[in-house]
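Chain residues, written in single-letter form:
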Amino acid sequence: MGEIEQLGVIPVAISVDSPEESRDLRNKAGFTFPFLSDPNTDAIRRYDLLHKGAGVSGHDVARPGEFLIDSSGVIRWVNLTEDLRVRARAEQFLAQARQLK
């Protein structure tokens, strides 16, 4: 996290979970960055992240994705997957952030 912050990157997580569930997960995992709740999937749909029926009991969830968005709101890098267990590796994310600096 220190290296990410040194690059001026502010991580933010977004999910369909309630604010309380998001808070609890954030606290349990020990994360210090914001977790946003999007139960109506408004932002999730705007970023084409909706994974229909992939959650518990067939609920819609956000598919994994990492974005680097600059200060003017332009998306500079995207990593998307359909597999809920797959995320960008920290080294991959940092390399992309360094290139944009």
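In this text the structure is predicted, and so the values were computed from the model without any measurement. (Residues numbered from 1 in each chain as written. Predicted model: local features only at pLDDT ≥ 70, side-chain atom pairs only at ≥ 80, totals over all residues. Heavy atoms only, no water.)

**Q** Before we go on, may I ask you to explain the pattern of salt bridges in this structure?
**A** Pairing between side chains of opposite charge can happen when their charged atoms approach one another. Inspection of the entire model under this criterion finds five salt bridges. We note a salt bridge from aspartate 48 to arginine 63, for which the minimum N-O separation is 4.0 Å. Placement of the pair is aspartate 48 in the loop between α3 (42-46) and β3 (50-51) and arginine 63 in the loop between β4 (61-62) and β5 (65-69), with a sequence separation of 15 residues. Exposure remark for aspartate 48: the relative accessible area of 54% places this residue in the exposed category. Here arginine 76 ties to aspartate 70 by a salt bridge, and the two come within 2.7 Å at their closest N and O atoms. Using a relative accessible area of 22% as the deciding quantity, one classes aspartate 70 as partly exposed. (Salt bridge = Lys/Arg side-chain N within 4 Å of Asp/Glu carboxyl O. Helix = DSSP H or I, 4+ residues; strand = E, 2+ residues; numbered from the N terminus. Buried < 20%, exposed > 50% of the residue type's maximum accessible area, 1.4 Å probe, protein only.)

**Q** What is the right way to read a nonpolar patch on the surface from this model?
**A** There is a patch of nonpolar side chains on the surface, built from Tyr47, Ile69, Ile75, Val78 and Leu80 and spanning about 390 Å² of accessible area. It is strand β6 (residues 75-80) that provides the largest number of residues to the nonpolar patch, a total of three residues. Mapped onto the elements of the fold, leucine 80 is located in strand β6. Its relative accessible area of 35% is what places leucine 80 among the partly exposed residues. (Patch = residues over 30% accessible without salt bridge, like charges linked within 9 Å, V, L, I, M, F, W, Y side chains within 5 Å. Areas by Shrake-Rupley, 256 points an atom, 1.4 Å probe, with all protein chains shown as cover.)

Worth remembering: the numbers are spatial, not functional.
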